[in-house]
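Survey of secondary and tertiary structure
Here is what each chain is made of, one letter per residue.
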Amino acid sequence: MSAIEKANSLLESDPSQAEQIYKSVLTSNDSEECEHTARERLPKVWYPAGDDRDQETALVKLGQIYANQKDPEKLAEVVRSSRAFMSSTAKAKTAKLIRTLIDFFASIPGSESIQKQVLEDNISWARQEKRIFLKQSLETRLVALQLETQSYRPALTLIDGLLKELKRLDDKLILTEVHLLESRVYRGIGNFPKSKAALTSARTAANSIYCPPYLQAQLDLQSGILHAEDKDYKTGYSYFFEVFENLSTNDDPKALIALKYMLLCKIMLNLPEDVTSLLQIKLAARYVQLREVDSMRAVARAHQNRNLAEFEQALKDYREELSTDPTIRTHLAALYDTLLEQNLLRIVEPYSVVDVDHVAQVVGQGRAQVEAKLSQMILDKILSGVLDQGRGCLIIFDPQEEDALYGDAIKTIVQVGKVVDSLYAKTLRIA
């Protein structure tokens, strides 16, 4: 039995011993050194030296062990120590190996700073070794990490340099990925025109190559998000449905995000009753019992009942599911304002003068918040009235019928002016 096979068999039962065997494979240069190292660490067993494939397997397995142990420091050390091995291997294999090792950081919570340092170190090493493809791949990964940590300005700086190189090399696939990241970064800082322009560039680059299904799904997802930001929820829903179909058929866990956005679009279109029917389709059946879907169902129920207290309770009960996603958080904040306006209009409708404290008590909000919202509604001409600060009440004006006399008079004056101008022009020709 080879060292790798023995270590693989111990991976579940005795990870520490498997770790030592993998290390012995990495540190062995010839049979004698491998025998000495293995005997020193595991006295009763001898393992022969592994070839390049064994060393590559040992690196990946060590990374997997440290990822399972949630130890980012040791995982970073594996990435750093693998450079000696990668210097003597093919460039394509090196790029795949280092990306695989860095992917293990995703399963370790709170490892963003260490992952960033590892990426920067390996970018510098790739630049020194003149491994251009690896450098660009790692820089793309660093941009994605900076986007995740909301470091938008450094991400844009890195994107500018990457785009210049990629356009010169005409690498359409990575160019598509970088333009997509650029679109997401600009959306993060609220610059929607540039976000749309970057997404258009990404689609242009993707149309000239074979676009992998996962990358196509990401492009469609970003398109749906930007349409939703423009309040075009119908178009956004169609994009999200395409993404959901694409990812769910491939059993991709990110299909759940697309499903949540589909439900969000139905809610924002004032069709909360469609949420139940949407969850009855075959592809959505596996997600129905998840908390993420329950959270959107609770929001839809509150919106259907026009119940502000129920809406707030849903936000409180599903805080993690509804607040961590910026897209859902933004649109639900707008929906909350809409519900608050509708509740306030329903409460003040029977009155000509109503105490602000009474409105706040009925709606279940603080006086200051209700007063600010009423002021905004008056300024936006949603509500016809005035706030009396001295008496602490809202005075509501009777709806005034528009008098068509003034408009008709203006139209008559305009027509008379045209007649006078015409007569003046004729007198000039006669003269």
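Above this text you will find the structure in question.
This text gives an overview of the structure that appears in the document. Note that the structure is a prediction, hence the values are computed from the model and not measured. (Residues numbered from 1 in each chain as written. Predicted model: local features only at pLDDT ≥ 70, side-chain atom pairs only at ≥ 80, totals over all residues. Heavy atoms only, no water.)

**Observations concerning the overall build of the protein**
Put simply, the rule is: Helix and strand assignments follow DSSP, with helices taken as H or I runs no shorter than four residues and strands as E runs no shorter than two, numbered in order from the N terminus. With C-alpha atoms as the basis for the radius of gyration, the globule rule is written as 2.2 Å multiplied by the number of residues raised to the power 0.38. The buried label applies to any residue whose accessible area, calculated with a 1.4 Å probe on protein chains only, is under 20% of its type's maximum; exposed applies above 50%, and partly exposed to all values in between. Note that accessible areas follow from Shrake-Rupley with a 1.4 Å probe, and for residues the cover is restricted to the protein chains shown. Working convention for charge: Lys and Arg count positive, Asp and Glu count negative, and His plus the chain ends are omitted. A charge is said to be at NZ when it belongs to Lys, at CZ for Arg, at CG for Asp and at CD for Glu.
Secondary structure summary: the protein contains 23 helices and 3 strands in total. Against the compact-globule benchmark of 22 Å for 431 residues, the protein has a radius of gyration of 32 Å, which places it well outside the compact range. Counting only C-alpha atoms, the protein reaches 110 × 70 × 45 Å along its principal axes. Scored against the burial criterion, the 431 residues of the protein give a buried share of 43%. Carbon and sulfur atoms form 52% of the exposed surface of the protein, whose accessible area is close to 23500 Å². One finds the centroid of the 54 positive side-chain charges in the protein at a distance of 4 Å from the centroid of its 61 negative side-chain charges.

**Some points on the pairing of strand S2 (residues 385-388)**
Put simply, the test is: A pair of strands is considered paired only if DSSP assigns at least 2 bridges between the two.
By the alternation rule, side chains of S2 split into Gly385 and Leu387, which are all buried, and Val386 and Asp388, of which none is buried. Both S2 and strand S3 (residues 393-396) contribute to a ladder of 4 bridges, which runs antiparallel. Among the inter-strand pairings, aspartate 388 is bridged to a residue of S3, identified as cysteine 393. Between S2 and the antiparallel strand that follows it, S3, lie 4 residues; glycine 392 among them carries a positive phi value of about 70°.

**A short note on unusual backbone geometry**
The phi dihedral of arginine 306 is positive, around 55°, even though this residue is not glycine. Its location among the elements puts arginine 306 in the loop between helix H17 (291-305) and helix H18 (308-317). Positive phi, close to 60°, is recorded for lysine 381, a residue that is not glycine. Of note, lysine 381 is situated in the loop between helix H22 (367-379) and S2.

**Structural notes on the environment of glutamate 129**
When you line up the elements, glutamate 129 lands in the loop between helix H8 (112-128) and helix H9 (132-148). Here glutamate 129 falls in the partly exposed class, since its relative accessible area comes to 35%.

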